[in-house]
Amino acid sequence: MPLTNRAGYPGRSDIPLRNRNLLPSVLHLQESGQNKQIYIMRKIIVISMISLDGVMQAPGGPEEDTSGGFMYGGWTAPYVDVTGSKVFEKLMKPADLLLGRKTFEIFAGYWPEHADYWPGINEVKKYILSGTMEKSDWQNSVFLKSLAEIKKLKNSDGDDIKVWGSSKLIQLLLKNDMVDDLWLIIYPLTLGKGKKLFADGTIPAAFTLSESIVTPEGVIIGNYKRAGDVKTGSLQNIK
């Protein structure tokens, strides 16, 4: 499934203690040892195609997102190969989506008529964080207005939630430590400017690499899972 056929882009887990603000009463019981129940919530999984210098803007086509004078739309296309396409097939399995307004508009302008390339995209729930949009003709679109509504969604019943694109939304999620998994598809080029994955919302956080692959075209694909606080030390103590 080649990237050039797409407009721009192509469960559940234990509640981590860092999200205690979402379910304080449940975590109190869990931490105090008053019961042995396992409490679960939906993961938020960010999937991002980035350059070596962290740019994520307009990976799929020249007209996808030219804001800020960005001139390199479609920069992922030369790196398409069978290995990468198989990974994208895995990442594009049906799951509820959480999107920013800009990415949703790109998706809504393309995917309803091209669902053969992304099976289930019309049927899954699409949650959109927007302060201006309130409705869409694309089926199963639900609009959210605030971070509080995203937290409520994360704490609702259901499978994990995937985020594609949506640079501003990702900054909000990172800032509030709500990203459980990162799937980074890192392409062997620099772009110099453009919307970046790690920008104003980034906080100190540790991740564990749980899966990785390098494609024949040199694209590095890694799945990073949130793993607590940043630990420090001194290289002088390492023998």
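Read on for an overview of the structure. (Residues numbered from 1 in each chain as written. Predicted model: local features only at pLDDT ≥ 70, side-chain atom pairs only at ≥ 80, totals over all residues. Heavy atoms only, no water.)

Examining the overall build of the protein
- When helices and strands are counted, the protein shows 5 helices and 10 strands.
- Within the protein, the fraction of its 239 residues that count as buried is 47%.
- Accessible area for the protein stands at about 12400 Å²; split by element, carbon and sulfur atoms hold 53% of it. (Helix = DSSP H or I, 4+ residues; strand = E, 2+ residues; numbered from the N terminus. Buried < 20%, exposed > 50% of the residue type's maximum accessible area, 1.4 Å probe, protein only. Areas by Shrake-Rupley, 256 points an atom, 1.4 Å probe, with all protein chains shown as cover.)

Examining helix α4 (residues 147-154)
- Among the residues of α4, those classed as buried are Leu147, Ile150, Leu153 and Lys154. Projected down its long axis, α4 carries its buried residues within an arc of 115°, all on one side. Seen from the open side of α4, the exposed residues pointing more than 90 degrees away from its buried face are Ala148 and Lys152. (Arc of directions from axis to C-beta.)

Re the nonpolar core
- Grouped together as the largest cluster of nonpolar side chains are 34 residues, with contacts concentrated most on Phe107, Trp111, Trp164, Ile185 and Tyr187.
- Elements with a minimum of two residues in this core: β3 (44-50), α2 (82-91), β4 (96-100), α3 (101-108) and β8 (181-186).
- With residues up to four places along the chain from it excluded, the contact list for Ile185 reads Ile47, Ser48, Met49, Ile50, Phe88, Leu91, Val219, Ile220 and Ile221.
- Membership of the second largest hydrophobic core comes to 23 residues, among which are Val46, Leu98, Ile150 and Ile186. (Core = buried A, V, L, I, M, F, W, Y, C linked by side-chain atoms within 4.5 Å. Contact = heavy atoms within 4.5 Å.)

Description of the sheet that holds strand β7 (residues 161-164)
- Spatial strand order, β6-β5-β4-β7-β3-β8-β10-β9: 8 strands in an open sheet with mixed pairing. Strand pairing shows two members of the sheet lacking a second neighbour, β6 (141-144) and β9 (207-214), which therefore form its edges. When strand polarity is set aside, the average angle formed by the axes of neighbouring strands in this sheet is 20°.
- Pairing analysis gives 6 bridges linking β8 to strand β10 (residues 220-226), with the strands arranged antiparallel. When the bridges of β10 are listed, Leu182 appears paired with Tyr224.
- α3 contacts β4, β5 (126-129), β6 and β7 of the sheet and is inclined by roughly 120° relative to β4. (Pairing = 2+ DSSP bridges. Axes fitted to C-alpha atoms, helices over the stretch in contact; angles between N-to-C directions.)

Points about unusual backbone geometry
- Positive phi is not limited to glycine here, since Ala58 has a value of about 50°.
- Looking at the element boundaries, Ala58 is found in the loop between β3 and α2.
- Assessed through its relative accessible area of 2%, Ala58 is described here as buried.
- Phi at Asp177 takes a positive value of approximately 55°, unusual for a residue other than glycine.

Focus on the packing of aromatic side chains
- Taken as a whole and judged by the stated rule, the model has 10 aromatic pairs.
- With a centroid separation of 5.5 Å and an interplanar angle of 90°, the aromatic rings of Trp75 and Tyr187 are classed as edge-to-face. Placement of the pair is Trp75 in the loop between β3 and α2 and Tyr187 in the loop between β8 and β9, with a sequence separation of 112 residues. We note that Trp75, like Tyr187, is buried.
- Among the aromatic residues, those joined into a cluster by ring pairs are Phe88, Phe107, Tyr110, Trp111, Trp118 and Trp164.
- Taking NZ or CZ as reference, Arg226 lies 5.8 Å from the ring centre of Phe207, over its face. (Phe/Tyr/Trp six-rings, centres within 6.5 Å; stacked < 30°, edge-to-face > 60°. Lys NZ or Arg CZ within 6 Å of the ring centre and 35° of its normal.)

A few points about the pattern of salt bridges
- Considering all chains together, one arrives at 9 salt bridges under this definition.
- Salt-bridge contacts for Asp177 lead to Arg226; the nearest nitrogen and oxygen are separated by 3.0 Å. Taken together, the residues Asp177 in the loop between α5 (167-175) and β8 and Arg226 in strand β10 connect sequence positions 49 residues apart. For the pair Asp177 and Arg226, a shared accessibility class is recorded, and that class is buried.
- Bridged by salt links that share partners, the residues Lys43, Asp181 and Lys225 form one connected network. (Salt bridge = Lys/Arg side-chain N within 4 Å of Asp/Glu carboxyl O.)

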